[in-house]
Amino acid sequence: MTARVAIIGVGQSSFGKRPNSSIRDLTFEAFHEAIEDTKNLGRKDIDASLVATAAGYDKQRSPAAVIAEYLELNPQPTFLTEAACASSTVALRTAWSFVKSGLHDVVAVIGYQKMTDMTSDAIQEVMGRAGDVMFESPFGTSMPAYYAMFARAHMDAYGTTEEDLAKVSVKNHYYSQFNPKAMFQKEFTLEKVLSTRVIASPLKSLDCCANADGASCLIVANESKAKKFAEQPVWIKGLGLGSTPMSLASRNPPFTGFESALEAARQAYTMAGVMPEDIDVAEVHDCFTIAELIAYGDLGFCKREDSPKMIRDEETHLGGRIPVNIDGGLLSKGHPVGATGGSQIRTLVHQLRGEGGKVQVDGAKVALGHNVGGIGMYTNVTILEA
Amino acid sequence: MGFEQFGFVSYVSQAKIGEFTEYLINNRLMGTKCKKCGKVYFPPRGDCTSCLGEEIEWVEIKGEGKLVTYTQVNFAPTGFQEDVPYILALGQLNSGQHVFARFSKDVLLEQMKIGMAIQLVPCKIDEERVIYEFQMP
Ligand SMILES: CC(C)(COP(=O)(O)OP(=O)(O)OC[C@H]1O[C@@H](n2cnc3c(N)ncnc32)[C@H](O)[C@@H]1OP(=O)(O)O)[C@@H](O)C(=O)NCCC(=O)NCCS
Ligand SMILES: [Zn+2]
């Protein structure tokens, strides 16, 4: 296997309310960190850039052109990749294909979102239209409402409780203390999480990720460039991408998982030749607490019905069977939609290079990233190896 | 006339099944049936996306079904804030199709139970706008 594809540099901006930062400033911050993370990679060594963002939050149309201009990546090819909240890992998948095919040697994946100059209700109106605008959005849908419907079905089917959901929030917020780039870097008690106001029953404010500004950058390279431009390349072992109908009404019960994620996981495990039990550390798309429990089941970390038990038994805490979201997850990092997947991969790359600091998983060799678009319309699974 | 009268807020004005809103105005819940393979769609479709048949006919839909899942929305997106709280639900009609809709305002959160019998009915929002909603049978 000579044609391996590596990640040779990772970066992200601080996530959160960034009142003094435009999309240029945010992407610059992430790109700069990623370049510094490589071994002397120059701008001219980057053969193409892929920009990932979800439309509708900032006014810039065709943003790849302005990002490539600002980062001085012209005249190399650049374009936008969109898959809602999974945009940046779908761009990573595209970058992999470019490199694997030999079309390009080194590709930069730049994800971003600028959200906090809009109010939360205006953002939910934009997000609600990432559901079917013909027969669902006219009822007043939002992402919290959609996920709340999955939470209710999960509770009904498996006896999952509001405490189980809150435990996911407590875990992820706990680890955020060790992530200087997270929007919120503090602990919350179970009682506190349970006492926050209901957004869409049964989901409360601290069951939800917050809207944020932020950017991420991943630099992908073929094996020979990886050896030249990285001290410690991290290899892409498996990739999976699946889809689910956008409308809830076109899906099959039970409403406790995403077909897109099952398909993406199947593809990624097969390609990587690994099983769920081989995963040493994982980042899953916890846009809501329920989404993390859904992910445990969809990724085969446990049977779907056992996912509440997994959080109760602390199997996904550091030191547990599969540590999950030990960088704080979306719940505490904030969720700048187009940047999130890249941020997850950055955390996993640090883990595989042994740079996890206080949250390093001892001897981590195989890592999994799970990045969901909208209400599971797209799921991307990436498996990385040290 | 098109589709712009459908919903509390509508985002689509033109569609092949535009007549659907006229039926709702006349208090009729109608779906489409493929003349080739017989598949019945609710919400309606302008073509049969299953067998690719392009000839459809309108058929009456019995709105009886059961509750699959639900949520009560307290934080609404822009354009819907005056309606909170409202209950969004997914139901399954006895004829098989899943339907996404709100519950009628006179039904309370405490009354919700997954699996319970529900009834889908056409409903006028105001002089201009129509929709369908779930009620207790
Ligand atoms: C839940 C939600 C509606 C709350 O919005 P809001 O009412 O505007 O809330 P605010 O941003 O004013 O936050 C209220 C407080 O809670 C805090 N907070 C909000 N979310 C938090 C989180 N995830 N973790 C920690 N604190 C949080 C805020 O810092 C703020 O604290 P303060 O009062 O001390 O300043 C909004 O965050 C939201 O829509 N989240 C979901 C985003 C989404 O759907 N993403 C896509 C997923 S697919
Ligand atoms: Zn047909």
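Think of each chain on its own: its residues are numbered from 1, step by step along the sequence as written. Here chains are named by letter from A upward and ligands by number from 1 upward, in the order in which they appear as written. For a predicted model such as this one, the threshold for reporting local features is a pLDDT of at least 70, and the threshold for listing and counting side-chain atom pairs is 80 or more; totals across whole chains, interfaces and linings nevertheless cover every residue. As a rule here, side-chain values cover all heavy atoms of the structure and leave hydrogens and water aside.

Asker: I'd love a proper account of the site of ligand 1, names of residues and values included.
Answerer: A single heavy atom is enough: if one lies within 4 Å of a molecule or strand, its residue is considered near that molecule or strand. The full set close to ligand 1 counts 21 residues, and Ser120, Gln124, Arg197, Cys208 and Cys209 of chain A are the nearest of them. At the site occupied by ligand 1, the surrounding residues belong to chains A and B. At 2.4 Å, a side-chain N or O of Arg197 of chain A approaches an oxygen atom of ligand 1. Think of a polar contact as two N or O atoms within 3.5 Å of one another; within protein, one of them needs to be a possible hydrogen donor and the other a possible acceptor, and neighboring residues in sequence only count if both atoms come from side chains. Cys208 of chain A is positioned with one of its backbone polar atoms (N or O) 2.9 Å from a nitrogen atom of ligand 1. In short, Shrake-Rupley with a 1.4 Å probe defines the accessible areas, and a residue's cover is counted only from the protein chains shown. Burial of ligand 1 by the protein chains amounts to 71% of its free accessible area of 950 Å². The way it works is that DSSP assigns letters per residue, a run of H or I at least four long becomes a helix, a run of E at least two long becomes a strand, and they are numbered from the N terminus. Breaking the shell around ligand 1 down by element, the ones donating at least two residues are α4 (120–128) and α5 (143–158) of chain A. Among the elements that make up the shell around ligand 1, the one with the highest residue count is α4 of chain A (3 residues). Residue classes follow a fixed rule: Ala, Val, Leu, Ile, Met, Phe, Trp, Tyr, Cys and Pro count as nonpolar, while Asp, Glu, Lys and Arg count as charged, and any other residue, Gly among them, counts as polar. A class-by-class count of the residues in the shell around ligand 1 yields 15 nonpolar, 5 polar and 1 charged.

Asker: Break down the sheet that holds strand β8 (residues 234–243) of chain A for me, with residues and values.
Answerer: Through backbone hydrogen bonds, the strands of a sheet pair up, either in parallel or in antiparallel fashion. Residue and element names in this part refer to chain A. Read across the open sheet, the 9 strands follow the order β3-β2-β4-β7-β1-β8-β11-β10-β9; overall the sheet is mixed. Edge positions in the sheet fall to β3 (78–81) and β9 (281–283), since each of these pairs with one other strand and no more. Mean inter-strand twist for the sheet, computed between neighbouring axes without regard to direction, equals 25°. Relative to strand β11 (residues 378–385), β8 runs antiparallel, the two sharing 8 bridges. Looking at the pairing, Ile236 lines up with Leu384 of β11. We call two residues in contact when some of their heavy atoms are within 4.5 Å. Lines fitted to the C-alpha atoms define the axes, with helices restricted to the stretch that makes contact. Angles between their N-to-C directions range from 0 to 180 degrees. On top of the sheet, helix α1 (residues 23–37) reaches β1 (5–12), β4 (106–113) and β7 (214–222); it is set at about 130° to β1, its chief contact. Helix-sheet contacts for helix α3 (residues 87–101) involve β1, β2 (48–52), β3, β4, β7, β8, β10 (366–373) and β11, and the interaxial angle to β4 is about 170°. Strands pair, by our definition, only if DSSP identifies at least two bridges between them.

Asker: Would you mind going over the sheet that holds strand β2 (residues 40–41) of chain B in detail, with residue names and values included?
Answerer: Residues and elements named next belong to chain B. Taken in spatial order, the 3 strands of this open sheet run β2-β1-β3, and their pairing is antiparallel. Two strands in the sheet have a free side with no partner beyond their single neighbour: β2 and β3 (56–60). Two elements, strand β1 (residues 30–34) and β3, share 5 bridges in a ladder whose sense is antiparallel. Across the sheet, Lys33 pairs through a bridge with Glu57, a residue of β3.

Asker: Describe the pattern of salt bridges, naming the residues involved and giving the relevant values.
Answerer: By definition, a salt bridge exists where a carboxyl oxygen of Asp or Glu is found within 4 Å of a side-chain nitrogen of Lys or Arg. Counting across every chain of the model gives 23 salt bridges over all chains. One salt bridge in this structure joins Asp37 of chain A and Arg353 of chain A, with 2.8 Å as the shortest N-O distance. Linking Asp37 of chain A in helix α1 with Arg353 of chain A in the loop between α13 (340–352) and β10, this pair joins segments that are 316 residues apart in sequence. Residue Glu60 of chain B is joined to Arg28 of chain B by a salt bridge in which the shortest nitrogen-to-oxygen separation is 3.2 Å. Of this pair, Glu60 of chain B sits in strand β3 while Arg28 of chain B sits in the loop between α1 (19–25) and β1, placing them 32 residues apart in sequence. Exposure categories follow from relative accessible area, calculated using a 1.4 Å probe and restricted to protein chains: below 20% of the type maximum is buried, above 50% is exposed, and the middle band is partly exposed. Here Arg28 of chain B falls in the partly exposed class, since its relative accessible area comes to 35%. Among the charged side chains, a salt-bridge network with shared partners connects Arg4, Glu223 and Lys227 of chain A.

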